[in-house]
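Results of the structural survey
Letter by letter, the chains look like this.
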Amino acid sequence: MSAAMSSLTFLMFTCFGFSCVLCGKYVPVKVKIETHEGGVPPKIFTGEELSKYDASNPEEPIYLAIKGVVFDVTSGRQFYSKGSDYNVLVGKDASRAHALWSLEEKDLTHDLSGLSDKQLQGLDDVYTQTYLPKYTVVGYMDYLIKQQEDDIQKRFTNEEL
Ligand code: HEM
């Protein structure tokens, strides 16, 4: 972790995932995008940018995204470096693979469509119980920013109606 990053109050505040009392459906953990201390915007990654941190270059840190949140997992080299079991998960957002507990190529995507409540809950468990407590957040994926902007837009449009 760089000195600059260590000086940030980069706390992730998330709602907890819960099952809706009325409909019984699982409501996933909502990621809250945090700015750095002093209001400095967080780093936003495209898929291409994130792919540079896939442990190919030993000089670079190793990054992995889950639920659109980019973590520095360099301290978990034993899991993620080249030749290690979970190397396929780095340099990308493989949320679907985490939800399905799969390392198959077809699941190495952030697309969560068609997943069951149980699988979405599994994804939240690994996000809240493994990645958040263990690794530093270094930024967010562009798709997450877009998704949250769309959500705000939808809410705004509904209020107008
Ligand atoms: C037979 C199958 C598997 C076995 C025996 C296994 C075993 C393990 C073990 C022993 C650890 C290390 C725990 C620790 O020392 O903290 C671990 C961590 C982990 N496993 Fe698996 N695993 C399996 C399959 C999978 C699959 C399919 C995924 C797909 C996403 C996965 C994702 C992870 C993750 C994300 C971690 C945490 C790594 C970290 O702390 O950074 N595992 N697994």
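Further up the page is the structure itself.
Described below are features of the structure shown in this document. The model shown is predicted, which means the values in this text are computed figures rather than measured ones. (Residues numbered from 1 in each chain as written. Predicted model: local features only at pLDDT ≥ 70, side-chain atom pairs only at ≥ 80, totals over all residues. Heavy atoms only, no water.)

1. Quick notes on the site of the ligand
Note the cut-off: When at least one non-hydrogen atom of a residue lies within 4 Å of a molecule or strand, that residue is treated as near it. Counting of polar contacts relies on pairs of N or O atoms within 3.5 Å, with two restrictions inside protein: one atom must be capable of donating a hydrogen and the other of accepting it, and residues adjacent in sequence are counted only when both atoms are side-chain atoms. Labels follow the DSSP assignment, with helices taken as runs of H or I lasting at least four residues and strands as runs of E lasting at least two, numbered in each case from the N terminus. We call Asp, Glu, Lys and Arg charged. Ala, Val, Leu, Ile, Met, Phe, Trp, Tyr, Cys and Pro are nonpolar, and the rest, Gly among them, are polar.
Inspection of the region around the ligand gives Phe 79, Tyr 80, Tyr 86, Ala 97, His 98, Trp 101, Ser 102, Leu 103, Thr 130, Tyr 131, Lys 134 and Tyr 135 as its neighbouring residues. Residue Tyr 80 places a side-chain N or O atom 2.6 Å away from an oxygen atom belonging to the ligand. Between the ligand and Lys 134, the relevant distance is 2.6 Å, taken from an oxygen atom to a side-chain nitrogen or oxygen of the residue. When residues of the shell around the ligand are traced back to their parent elements, those giving at least two are α3 (77-80), α4 (95-100) and α5 (117-134). When residues in the shell around the ligand are grouped by element, the largest group, three residues, is from α5. Of the residues contributing to the shell around the ligand, the split by class is eight nonpolar, three polar and one charged.

2. A closer look at the coordination of the iron atom of the ligand
We apply this condition: Because no water is among the atoms considered, metal sites can look incomplete, with donors defined as N, O and S atoms within 2.8 Å of the metal, or 3.2 Å for Na, K and Ca.
Inspection of the coordination sphere of the iron atom of the ligand shows a single protein donor, Tyr 86 (OH), at 1.8 Å. Tracing the chain through its elements places Tyr 86 in the loop between α3 and α4.

3. Description of unusual backbone geometry
Backbone phi values are negative for most residues with the exception of glycine, while trans is the configuration of most peptide bonds. Rules: A 1.4 Å probe rolled over the protein chains alone gives each residue an accessible area, and that area as a share of the maximum for its type sets the label: buried under 20%, exposed over 50%, partly exposed in between.
A positive phi angle is found at Ala 55, which is not glycine, with a value near 75°. Tracing the chain through its elements places Ala 55 in the loop between α2 (47-50) and β4 (63-66). Taking the relative accessible area as the measure of exposure, Ala 55 reaches 13% and is therefore buried.

4. Things to note about the nonpolar core
Keep this limit in mind: Only buried residues count toward a nonpolar core, which is a set of Ala, Val, Leu, Ile, Met, Phe, Trp, Tyr and Cys residues joined through side-chain atoms within 4.5 Å. Any two residues whose heavy atoms approach within 4.5 Å at even a single point are treated as in contact.
Core analysis: the largest hydrophobic core is formed by 28 residues, its most contacted members being Leu 64, Ile 66, Phe 71, Val 73, Tyr 80 and Tyr 131. Residue contributions to this core peak at five residues, all from α5. The residues contacting Ile 66, other than those within four sequence positions of it, are Phe 71, Asp 93, Ser 95, His 98, Leu 123, Val 126, Tyr 127 and Tyr 131. By size, the runner-up hydrophobic cluster in this structure holds nine residues, among which are Leu 50, Tyr 53, Tyr 63 and Ala 65.

5. What about the layout of surface pockets?
Going by this rule: Using only the protein atoms, space was sampled on a 1 Å grid; points where a 1.4 Å probe fits but cannot get out form cavities, open sets with protein on both sides within 12 Å along at least five of seven lines form pockets, and lining residues are those with an atom within 4 Å of a point. Grid points are joined across faces, edges and corners, and a volume is the space filled by probe spheres set on the points.
Estimates place the volume of the largest pocket at around 350 Å³. What lines the largest pocket is a set of 17 residues, among which Val 29, Lys 67, Leu 112, Leu 144 and Gln 147 lie closest to the centre. Broken down by secondary-structure element, the contributors of at least two residues to the lining of the largest pocket are α5 and α6 (142-160). Among the elements that take part in the lining of the largest pocket, α6 stands out by supplying five residues, more than any other.

6. Overview of the sheet that holds strand β5 (residues 69-72)
Rule in force here: For two strands to be treated as a pair, DSSP must find no fewer than two bridges joining them. Note on geometry: axes are C-alpha line fits, over the in-contact stretch for helices, and angles between N-to-C directions span 0 to 180 degrees.
Across the sheet, which stays open at both edges, the four strands sit in the order β3-β6-β5-β4 with mixed pairing between neighbours. In this open sheet, the two strands that pair with only one neighbour each are β3 (44-45) and β4. Summarising the sheet, β4 and β5 pair through four bridges and their orientation is antiparallel. Across the sheet, Tyr 63 pairs through a bridge with Asp 72, a residue of β5. On top of the sheet, α5 reaches β4, β5 and β6 (136-141); it is set at about 145° to β4, its chief contact.

7. Re the pairing of β4
Residue alternation in β4 divides its side chains into two sets, Tyr 63 and Ala 65 and Leu 64 and Ile 66, and both sets are buried. Two successive antiparallel strands, β4 and β5, enclose a turn made up of two residues, where Lys 67 displays a positive phi of approximately 55°.

8. Digging into the state of the cysteines
Which entries qualify depends on this criterion: Note that a disulfide, as used here, is simply two cysteine sulfur atoms within 2.5 Å.
Scanning the entire structure with this criterion turns up zero disulfides. Here Cys 23 is not cross-linked by a disulfide; its sulfur's nearest cysteine counterpart is in Cys 20, at 3.2 Å.

9. Observations concerning the packing of aromatic side chains
Let me state the cut-off plainly: Aromatic rings from Phe, Tyr and Trp, with only the six-membered ring used for Trp, were paired whenever their centres fell within 6.5 Å, and each pair was classed as stacked if the ring planes differed by under 30 degrees, edge-to-face if by over 60, and tilted otherwise.
Counted by the stated rule, this structure contains nine aromatic pairs. Geometrically, the ring pair formed by Phe 79 and Tyr 80 is edge-to-face, given 5.9 Å between the ring centres and 65° between the ring planes. Residue classification places Phe 79 among the partly exposed residues on the basis of a relative accessible area of 30%. Here Tyr 80 and Tyr 135 contribute two aromatic rings whose centre-to-centre distance is 6.5 Å and whose plane-to-plane angle is 70°, an arrangement assigned as edge-to-face. Of this pair, Tyr 80 sits in helix α3 while Tyr 135 sits in the loop between α5 and β6, placing them 55 residues apart in sequence. The same class applies to Tyr 80 as to Tyr 135, namely buried.

Just distances and angles here, no functional claims.
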